[in-house]
Amino acid sequence: MELPAARIRGSPPTSLTWILLLCFYWFARAAADSDFDVLQYINPLIGSTNGGNVFAGATRPYGLAKPVANVDGANTGGFSTDGSNITGFSSVHDSGTGGNPSLGNFALFPQLCPSDEVDACQFRLGDRATPYVASSVVASPGHFSVELTNGIKTEMTSSDHAALYHFQFPASNSTQHSLVLLDLSDLWQSRQNASVSVDATTGQMRGNGTFLPSFGAGSYVMHFCVDFYGADVFDNGVWVNNRAGTEPKDLYVTRGFNLFYIEAGGWVRFNNPANSTLTARMGISFISTEQACNRAETEIPDPLNDFDRLVTETQDAWRSQLSPITVTPGGASTDLQTNFWSGVYRSMINPQNYTGENPKWDSDVPYFDSYYCLWDAFRVQHPLLTIVDPVAQGQMVNNLIDIYQNEGWLPDCHMSLCDGWTQGGSNADVVLVDAWVKNLTGIDWNHALEAIVQDAEVEPLEWSYHGRGGLQSWKSLNYIPYLDYDPIGFGTNSRSISRTLEYAYNDYCLATLAEGLGKTDLYDKYIQRSTNWKNLWREDQTSIIRGNDSGFTGFFQPKYMNGTWGYQDPIACSALAGFCSLTTNPSETFEASIWQYQFLVPQQISSLINFMGGDESFISRLDYFHTSGLADISNEPVFSTVYLYHYAGRPALSTKRLHTYIPSAFNNTNGGLPGNDDSGSMGAFVAFGLLGLFPIAGQNVYLISAPFFEEVSIKNGLTGNTATIKTVGFDPSYENIYIQNVTVNGEAWTRNWIGHELFTQGWTLEITLGSSESGWGTKIEDRPPSLADTS
């Protein structure tokens, strides 16, 4: 609210009047603040269609248990609002991943058998799939519910390691026995083998299965323990394919012969439950079935009465998790506020805290998993966690180092206790160094340096899922060659351009840490290697788009080992020419075109600008990229390009460009993400954009842009200090989006970037906005840091 006018009936206010007015103002503001509930601004269904692949169900921050409905449509995150059919309700999921559907193991499915005959029920996945009532979907932090078109309603919540379900059957079917089956599979039917044991008296089902990770190598074993409450058991047994029987009570099943995948599981039927509602409690563990049962019994001791308690505790956990952030919207729309809070919320769903659930080694370091993948997440998600939850981010950094010490390598992608495929460089390096430059504490930096040096110097035999490939060429030729000869290790022999660019930045980050630890010799070595990107720049390369010359000359191109040029069309792998996949059509750039990768030299943008012909030519090329259909905002490499105008002395154009993407591509709708959320990376990009900052991961740099709110404060979880970003001249219609001047703690600040001290020391960043571009942040000395060109 605004302070009341300074004059009353044309007379100057008395001191008492001012006091009363101020008291009224602060009382009213305090009352308004006390009515604020952050959960009202979290919409888990943002990105539940249009390829967002978000997890829309119930979870605690970084929680293992994640119950939601599984569908037979876009089911990467389990559920989607694409109008497909529900096939079950499972207790573990990932969020925003790509590729094969992830987890979704041991789904439960309630139904009423026609003529009350078990063999008349539908057991197989395709047979039992049932539409849901779109208007019945309710998703909020800690709670998910949906009604099937057959009248069965299901709601669910969770603790850290267990899920609780209510299955409400139509009261009109009170004479039928309600049946719940358990499917011994996961979402993409990767099961290798599994077992279930059904207790004839209680109906308890327990067992385990061996599965494949959805984007990686190896396998994992998951255990379950499910109990039922609220009704007496009528009969039970096991099922295989489309038949079920009451004997035997135990089942072991393999994958099946050739392509004939065996569907199987357990089932229990019940007498008419009280209030037509049956309760199911499922515990999950990667250690043992006994631990799954113990987790469930400990965390949900009173299943018939614990549902509301669990919802309340989960809601309180999220309120606490988000409490470091305070937003004064200043008239910003509810949709924008929801977009912001939901983005922060999704960034804390994955990675998942599996502490106590790692069967591979014992450690006093908290164990996190579901890093899908660091190539996506290092850019904005982990930098956001460094600001809003530095304690958890510090734990994740220690966890990555712990994985290195126990598995031998830093992971680039890790899920379900397995190594995931490496997409580009060794990007755990960037996550670790980002923590270093932002002064996260309690981390053994010598071990961190050791792990990163290994990535830079030692090629693993299988570099498809950790480390780097082609190091022999990288060291001798100073680039990754097209069709590299690499007999030392093996991986997908592609991505020579994008790997060259990423390895160069990985080495820059290594140099940064080495310098900080006083390792001058290492700094000199790797800072030189960080300039290797230049060796793939072909200054005479042009780009033809739709039969016309784009007008720009100079692009990255693949190069053979003998130093001669290969060729990749600069628009290949763009939205104009078709997506490039690591596994189906690998190219010399990963998931993006040369047009997109040409801007990804964050350590040396000033040199890149010179290569492209200077500031104006660089800006013209950025504009063309963002307006021609070449920019793919649904994929992470494009994020920084929105803000690169800062490096050319035109920060106002970064803000202007951001407003073309928010809220058009990022908004408060079910399709409100332009693509895969990538474990919250899209959400983090939105959160930073609305905050008025953008991180350059691996550097102590945040690019300053115009916030979308009047004021935001963030309390640092390590120092206890509170950073405040204030907007003077804030305009919720967003006509005034150009920065006129900036102060920090009341002193003029001319740089168009700021360091992490803003958050650790609790500075006040005050940004004055106007309707036209100003000279703020345009001078060369006010641009972001860039490695000097020593060549």
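Everything quoted here is computed from the prediction, not taken from an experiment.

Asks: So what's going on with helix 12 (residues 496-516)? Residues and values would help.
Replies: Taking 1.5 Å of rise per residue, 21 residues should cover 30 Å, and helix 12 covers 30 Å from first to last C-alpha, within 8% of that figure. Burial runs high along helix 12: 19 of the 21 residues are buried. Just downstream of helix 12 lies Gly518, where phi reads positive at about 80°.

Asks: For the state of the cysteines, give the residues involved together with the corresponding values.
Replies: For the structure on display, the rule yields four disulfides. Each sulfur in the disulfide pair Cys373 and Cys413 lies 1.6 Å from the other. The sign of the S-S torsion, about -50°, decides the handedness of the disulfide formed by Cys373 and Cys413: left-handed. Of this pair, Cys373 sits in the loop between strand 21 (368-369) and helix 6 (374-377) while Cys413 sits in the loop between helix 8 (390-407) and strand 22 (414-415), and the two are 40 residues apart along the sequence. Here Cys373 and Cys413 have matching classes, each one buried.

Asks: Can you tell me about the side chain of Ser90, naming the residues and giving the values?
Replies: Locating Ser90 in the fold gives a position in strand 2 (residues 85-90). Among the polar contacts made by the side chain of Ser90, one reaches the side chain of Asn70 at a distance of 2.8 Å. Beyond its immediate stretch of four places on either side in the chain, Ser90 contacts Lys66, Pro67, Val68, Asn70, Gly104, Asn105, Phe106, Ala107 and Tyr165.

Asks: Give a description of the sheet that holds strand 12 (residues 216-217) that names residues and reports values.
Replies: Spatially, 12-23-22 is the arrangement adopted by the three strands of the open sheet, whose pairing is antiparallel. On the outer flanks of this sheet lie strand 12 and strand 22, each paired with one strand and no other.

Asks: Quick one: what's the story with the domain arrangement of the chain, residue by residue and with numbers?
Replies: Domain boundaries in the chain define domain 1 (40-319) and domain 2 (325-353 + 672-790). Taking only C-alpha atoms, the centre of domain 1 and the centre of domain 2 are 40 Å apart. Each side of the interface is counted separately: domain 1 has 27 residues, and domain 2 has 22 residues. When the area that domain 1 buries against domain 2 is broken down by residue, the three leading residues are Tyr41, Ile46 and Tyr62, summing to 35%. The tally of links from domain 1 across to domain 2 stands at zero salt bridges. The tally of links between domain 1 and domain 2 comes to 16 residue pairs in polar contact (both at pLDDT 80 or more). Among the residues forming the side of domain 1 that touches domain 2, the class breakdown is 11 nonpolar, 14 polar and two charged.

Each value, and the rule that gives it
Residues numbered from 1 in each chain as written. Predicted model: local features only at pLDDT ≥ 70, side-chain atom pairs only at ≥ 80, totals over all residues. Heavy atoms only, no water. Helix = DSSP H or I, 4+ residues; strand = E, 2+ residues; numbered from the N terminus. Expected span 1.5 Å × (residues − 1). Buried < 20%, exposed > 50% of the residue type's maximum accessible area, 1.4 Å probe, protein only. Disulfide = S-S within 2.5 Å. Polar contact = N/O pair within 3.5 Å; in protein donor to acceptor, adjacent residues only side chain to side chain. Contact = heavy atoms within 4.5 Å. Pairing = 2+ DSSP bridges. Domains from an automatic or database assignment. Buried area = accessible area lost by both parts, 1.4 Å probe. Salt bridge = Lys/Arg side-chain N within 4 Å of Asp/Glu carboxyl O. Nonpolar A, V, L, I, M, F, W, Y, C, P; charged D, E, K, R; others polar.

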